[in-house]
Structures are given as C-alpha cells and as structure tokens.
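So the chains spell out like this:
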Amino acid sequence: MTSVTAGRAVAPGERRVVVAPAETLSVHGGAAGMTRGDVVVLLLPGPVGSAFSMRSVVRELQARGIESLVVDPLGMGASTRPKGADYTLSAQAARMARVLDTELPAGVSVVVAAQGTSATIALHLAATDTARVRGVLSMAGGPIDKQGTPGVRTALTFAALLDNPIGRGFAKRRFVSALRDQSADDRWLTDDVVKQYVAPIEHDLRGLLRTFGAMQASVEPYPIASRLARITAPVRLLVGDKPSGSAPTVAQVSLLQTHVKRFTLDTLHPAGTMLHEERAAEVARAIDEMVRAARR
C-alpha cells in the first residue's frame, strides 16, 4: 500500500524529509535503535537509477548487520525538483547534513558511500561535517564541480527522447546501451531493472529536463579542490578495470591523491562504473571495512 505526499505516491519504507521550503528529499532505510557511538551508512545514488539502484548494496549490508540510509539528492529519483533551487554539489551536501540532523540520534556517525556524481556531494559533506563523517567510499566517482557528467548527459538525452512519442523506443534502446557500455558484466540489466531505472524519468519528464539543465548550468561557489584538504576521514575510491568515459580521470585521481590526507584507490576486476550493480558484494565489503574502522 502507498500513501500520497506532495502529489506523488510514497512507496513502502520511504519517508519524505523536508530540508527547505519546496525542497523534500526521498529517504529509505533508517537507524532504528542506534545510539551515541554507533555508525550508520549513508548511500547516495547517482543521477541514474535513484534509490532503487542501491538495493543490492543495501541487501549485502543488511547481511553484515549494517544499517543504511539511502537518500536521493534534490532533483534526482523521487526527491522534489523545485524551480530556482541551488543544485550545486556543495548545496546538495548541506541538504544531506540536514537529513542527518533529522534522521540520526546525537552522536551517531556516518560512513558515506556514493556513486558517480554524488561522490562529490559526499566529499563536500566530509569536509564540512568532519565530526560526523567517519569515512567516504566513492563508487567510480571523481571530484567534480560541473555536473555535465556522462550520467547526467545520458539521463538528459533519454528524457528528451521520451518526451517525443516517436523517439521512445529508440530512447530506451539507447539508454540500455549506455548502461551496458558502463558495465563489464551487464547481467544485472534485466527488463525489470530497466523498468525501475526508467520510472523516475517517466514520472516527470519536463521537471527532469529542467532540473538536469539547471544542474549543468549551476556554478559551484566552493570548488571541491579547495575543500579536500579539510577532510579528516579516510576516502576510498573504487574503480573498475573496464575503460569508460564515465570513470574518474587521471587528473581527478591525482587531485584526491594530492589533497586528501588518507586516500586509497582500489580496482575491481572485472567491472565498469556501475559497481553498485555489478559488484555489490565487494562494495559492501569495502563499506564494512570502513564502518569497522570507524567503530574502533
């Protein structure tokens, strides 16, 4: 059974957290029973797939006894897409801090695991909330200031074609092809998964086009390079061995190596950039290691 909030059906297990007027984020999971000193995982999906894309990682974490929150950043997934909002990545990080203030008891720390573009949101959060963030795991996401990433461009192109009845069949084929190109093992990309990935885009095509356009046009007031040195928590970047235009660049990796005090880089074999789908168990294992270190 679903309820309706702000004109949209709210799925079972989902909550709507208001972080500012007209700004409401979709939150799944929770930290029930957690108290001061505990550690929870904050999962941030990228621009394609929304909270659904983290289902396998959530399941693997649950098997390890680890609680998680999955939050769609503003403008993504089931979160709202207000006109005129600040869609810079530093502003997205500030919203995540407000979600944590609302959702977590005092003294509960977080390990933030983020995919693609959202990895920079995690880095901003770690730089500005050093007391609470005890680790950052990036799933194939390098530090960026402009959201014109392949993931955003794929979603924009797909949404534009879906808005044209003639182009819908071509749009879905192109969308699937783009996801396959980012994967070394594309067996995860079933018809049902494609349907779930497409659903948030089809729900509000015009809003998505407007919002992703605003993301690309946004000007970051706090370049991530200026904040990396403030991060005290360990940062771990997972990448796949398959070359891809969506993978972190050499320059982005160098930036992390130069400015982040505790940085490690690991390559998964075989894998592309959809690590949360292709290699969920390995991603969960890496998160588990960071959680265990944060608890010590």
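Every value quoted in this text rests on a predicted model; they were computed, and no experiment measured them. Residue numbers run consecutively from 1 along every chain, following the written order of its sequence. It should be noted that, the model being predicted, local features are given only for residues of pLDDT at least 70 and side-chain atom pairs only at 80 or more, the latter also being counted only at that level, while totals for whole chains, interfaces and linings use all residues. For the side-chain quantities, the full set of heavy atoms in the structure was used; hydrogens and water were omitted.

S.K.: Before we go on, may I ask you to explain the sheet that holds strand 9 (residues 235–240) in this structure?
M.R.: Two pairing modes exist for strands in a sheet, parallel and antiparallel, and in both the strands are linked by backbone hydrogen bonds. Two strands pair under a simple rule: DSSP has to find at least two bridges between them. Strands are runs of DSSP state E lasting at least two residues, helices are runs of H or I lasting at least four, and both sets are numbered from the N terminus onward. If you walk across this open sheet you meet the 8 strands as 3-4-6-5-7-8-9-10, and the pairing is mixed. Only two strands of the sheet have a single neighbouring strand rather than two, namely strand 3 (14–20) and strand 10 (263–268). With strand direction ignored, the average angle separating the axes of adjacent strands in the sheet is 25°. Relative to strand 9, strand 8 (residues 133–139) runs parallel, the two sharing 4 bridges. If you follow L137 over to strand 9, its bridge partner there is R236. Should any heavy atoms of two residues lie within 4.5 Å, those residues are counted as being in contact. Interaxial angle, 0 to 180 degrees, is taken between N-to-C directions of lines fitted to C-alpha atoms, where a helix line uses only the stretch in contact. Across the sheet, helix 10 (residues 280–295) is in contact with strand 5 (39–44), strand 7 (109–115), strand 8, strand 9 and strand 10; its angle to strand 8 comes to roughly 165°.

S.K.: Any chance you could explain the pattern of salt bridges here in plain terms?
M.R.: Should their charged atoms come close, side chains of opposite charge can pair. Whenever a carboxyl oxygen of Asp or Glu lies within 4 Å of a side-chain nitrogen of Lys or Arg, that contact is scored as a salt bridge. Under the criterion given, the structure shown has 13 salt bridges. The partner of R279 in a salt bridge is E282, and the shortest N-O contact between them spans 2.7 Å. Assessed through its relative accessible area of 22%, E282 is described here as partly exposed. One connected set of salt bridges, linked through shared partners, spans R64, D288 and R292. For every residue, the accessible area obtained with a 1.4 Å probe (protein chains only) is divided by the maximum for its type, and the residue is called buried under 20%, exposed over 50%, and partly exposed between those limits.

S.K.: Before we go on, may I ask you to explain empty space enclosed by the protein in this structure?
M.R.: The method is simple in principle: a probe with the dimensions of a water molecule rolls over the atoms, and the space it marks as empty is what remains. The distinction between a cavity and a pocket rests on a 1 Å grid over the protein atoms alone: a 1.4 Å probe fits inside a cavity but cannot get out, while a pocket stays open yet meets protein on both sides within 12 Å along at least five of seven lines, and a residue with an atom within 4 Å of a point counts as lining. Grid points are joined across faces, edges and corners, and a volume is the space filled by probe spheres set on the points. Per the stated rule, a full pass over the model turns up 1 cavity of 30 Å³ or more. In this structure, the largest cavity occupies an estimated 80 Å³ of space. If you go around the largest cavity, you meet 13 residues; those closest to its centre are P47, G49, G77, P200 and I201. Mapped onto the lining of the largest cavity, the elements with two or more residues apiece are helix 6 (191–203) and helix 7 (205–217). In terms of residue count, helix 6 provides more of the lining of the largest cavity than any other element does, 3 residues in total. Residues belonging to the lining of the largest cavity are distributed by class as follows: 8 nonpolar, 4 polar and 1 charged. Here the nonpolar group is Ala, Val, Leu, Ile, Met, Phe, Trp, Tyr, Cys and Pro; Asp, Glu, Lys and Arg are the charged ones; every other residue, Gly included, is treated as polar.

S.K.: What exactly am I supposed to notice about unusual backbone geometry here?
M.R.: When glycine is set aside, most residues are seen to have a negative phi, and most peptide bonds are trans. Following H269, the chain continues to P270 via a peptide bond in cis, the omega torsion being -20°. Structurally, the position occupied by P270 is in the loop between strand 10 and helix 9 (275–278). In this model, A22 sits at a positive phi of 70°, which is unusual for a non-glycine residue. Summarising the element assignment, A22 is placed in the loop between strand 3 and strand 4 (23–29). One non-glycine residue, S50, lies in positive phi territory at about 55°. Within the fold, S50 resides in the loop between strand 5 and helix 1 (55–63). Classification of S50 as buried rests on a relative accessible area of 9%.

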